[in-house]
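Residues per chain are reported as follows:
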Amino acid sequence: MSVAEAAEATMAAARVAAPTGTARLTLAGSPDLATHLATFGPLPVRAGPAVLLGELRASGLEGRGGAAFPAWRKLAALPARERARGRRAVVVGNAAEGEPQSFKDATLLRVAPHLVIDGLLTVAAAVDAHTVHLYARSSVLESVSRALAERRDARSIQLREAADGFIAGEASAVVSALAGRSPVPQDRTVRLTESGLGGRPTLLNNVETLAHIALISRFGAAWFRSIGTPSDPGTRLITVGSDGKPSTVLEIAGGSRLGDVLRFAGIDPGSLSAVLVGGYHGAWLPASALEARLDRQDLAVFGAAPGAGILMGLDARHCPLTLAAAIATYLAGESAGRCGPCVNGLPAMAAVLGRLARGDQDPALAAEVRRLAGLVAGRGSCNHPDGTARFVLSTLTVFAEDVAAHQTGRCKKDHS
Ligand code: SF4
C-alpha cells in the first residue's frame, strides 16, 4: 500500500462509525467487498504488532473455536527468537468446524468473508508471516474464493479444503492435514507455536476469532468491551437448535441468558428438559438453570463452558439417555483410533450407556459408565476422551431421575 493509499484508508476508516448494536460480525448483511467496506471501512494502517497485542489483551477476546484461549496470549506465544533465526511463521484460519451441531463458522464465511480475510491479514502482518492458509469446509469454498478474488491484498492467502470428521478441526490435526498427512491429532511434545507446519512456528486461529480481531483493530478494545459482560466481553456467534427444531446461527451479546437466547431462536424454554451447552464435548444444564448466563463464570458451576458456541435443547418428551447413547456412540466412532482410551474405553462406555438407554435393568450399569469415564479422561493424546467423558458424566448427573426410571422400567418418554 502506498503512503497516499494508507492515508486514504485511515481517513475512510475514521468516516465509518463503529457498530452500536449486537450485530457486529453480521452487520454488513451482504458478503461483497463494497458492502463490507461501506459498513466497516478499510483496515486501518497497521500500527505494529505491539499495538495489536495491547488492544487484544485489553479487549479480553478469547478464542471462539472451543478452547477459549486468550487471543493475545496466542499471538504473544510466537517466539521472536524464531523470526530472528529466519523461521518466519505460518498463519492458519481454521473453519474445519467438525462438531455436527455447529455451523457458525460456515455461516460467518458466507455472510462476512472479508472480516475473516481482514483478520488473517492483520495477524499475518503482525507476525510477518511466511505463509497464510484458510482451512475451510467444502460447502463454503466457493463463497470464500469469490471474496478472495475481489481484493488484491489477499493474494497471499491459500484456500485449503478442510477434512470431514469430529476431530479434524483440532489444531494439530489441521496442521497434519495441511502438511498432506492424515487429518488426525498428533501426539505433540513441542508446541505448534514453536514448530508446526513445515517445522515453522504456526499460529492457528478460529475464523470467528479472526473476524473479531479485524473489528478490534479498527474500533479498539474499549469498543469491543462496550457489549457483553466483564468475563465474556463482545459478541459471539452461536448455533442454537433443539432435537425438535432445526438449528440457526445468532450473534448474541456475551453473557446473554440461555433462556433468552433460546427464545430469540424461536424455541420455547418451557418445552425443554435440558440444554446441551458447548456441543458434544460439552455439558447439560437442566431446564431449571436456563437463567444462567452463557459465560464461563455462570457455566462453570455446571462443568460447562461456551465452547465453540453451541446450544442444543432437549424436548422434554424425548428420552435423554437414548439421545446421549447415540451421541456417545458417534463420538466413539470419531476417534483417530490410536490411543488406548479411544480404542478401548470410548466404545465400551458408549455400549454400557446404550444398554442403560435400552432399558437393561442391571443396577451396576450407571456405576460402570462412571468407572469407564474415569479411566479414559486425561489419557489420550488429545482431549477427545476427556470431552466425551465430560458429556457422558454430565448426562448421568443431570438426568439422574431418568437413569433411575430406566433401571426400574418406569421410563415413559419417547425413545425414537
Ligand atoms: S485421544 Fe483419541 S482422538 Fe485423540 S489422538 Fe488419541 S486416538 Fe486420536
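Each value, and the rule that gives it
- Every chain's residues receive numbers from 1 upward, in the order its sequence appears when written.
- In keeping with the predicted nature of the model, local features appear solely for residues at pLDDT of at least 70, side-chain atom pairs appear and are counted solely at 80 or more, and the whole-chain, interface and lining totals rest on all residues.
- To obtain the side-chain values, all non-hydrogen atoms of the structure were used and water was disregarded.
- When DSSP finds two or more bridges between two strands, those strands count as paired.
- Only DSSP runs of H or I covering at least 4 residues are called helices, and only runs of E covering at least 2 are called strands; the numbering of each starts at the N terminus.
- Axis lines are fitted to C-alpha atoms, over the contacting stretch for helices. Their N-to-C directions set the angle, which ranges from 0 to 180 degrees.
- In this analysis, two residues are considered to be in contact whenever any of their non-hydrogen atoms come within 4.5 Å of each other.
- Where each domain begins and ends is defined by an automated method or by a domain database.
- Two parts placed together each lose some accessible area under a 1.4 Å probe, and the buried area is that loss summed for both.
- We define a salt bridge as a side-chain nitrogen of Lys or Arg found within 4 Å of a carboxyl oxygen belonging to Asp or Glu.
- Pairs of N or O atoms are called polar contacts if they sit within 3.5 Å, as long as, within protein, a hydrogen donor faces a hydrogen acceptor (for residues adjacent in sequence, only side-chain-to-side-chain pairs).
- Consider each residue's heavy atoms; a residue with any of them within 4 Å of a molecule or strand counts as near.
- Any residue outside Ala, Val, Leu, Ile, Met, Phe, Trp, Tyr, Cys, Pro, Asp, Glu, Lys and Arg is labelled polar, Gly included; the first ten of those are nonpolar and the last four are charged.

**Quick look at the sheet that holds strand β2 (residues 131–136)**
Then comes step 1: The strand order across the open sheet formed by 4 strands is β3-β2-β1-β4, and the pairing between neighbours is parallel. Because the sheet does not close on itself, it has two edges, and the strands there are β3 (157–161) and β4 (202–206). Put simply, the sheet's adjacent strands are angled 20° from each other on average, direction ignored.
Then comes step 2: With 6 bridges connecting them, strand β1 (residues 90–95) and β2 associate as parallel partners. If you follow Val91 over to β2, its bridge partner there is Val132.
Then comes step 3: Of the strands in this sheet, β1, β2 and β4 are in contact with helix α6 (residues 104–111), which crosses β1 at around 105°.
Then comes step 4: Sheet strands touched by helix α10 (residues 207–219): β1, β2 and β4. Its angle to β4, the strand with the most contacts, is close to 90°.

**Notes on the domain arrangement of the protein**
Then comes step 1: For the protein, the assigned domains are domain 1 (3–56 + 84–225), domain 2 (228–315) and domain 3 (320–407).
Then comes step 2: With centres defined by C-alpha atoms, the gap from domain 1 to domain 3 works out at 36 Å.
Then comes step 3: The partner domain 3 presents 9 residues to the 10 residues of domain 1 that form the contact.
Then comes step 4: Surface buried jointly by domain 1 and domain 3 totals about 720 Å² across both partners, of which 61% is contributed by carbon and sulfur atoms.
Then comes step 5: Considering only the surface of domain 1 that becomes buried against domain 3, Phe166, Ile167 and Pro185 emerge as the three largest contributors, covering 57% of it.
Then comes step 6: Here domain 1 is connected to domain 3 by 0 salt bridges.
Then comes step 7: Along the contact surface separating domain 1 from domain 3 lie 2 residue pairs in polar contact (both at pLDDT 80 or more).

**Notes on the site of the ligand**
Then comes step 1: Around the ligand, a shell composed of 13 residues is seen, among which Ala336, Arg338, Cys339, Cys342 and Cys382 lie nearest.
Then comes step 2: Looking at side-chain class alone, the shell around the ligand contains 7 nonpolar, 5 polar and 1 charged residues.

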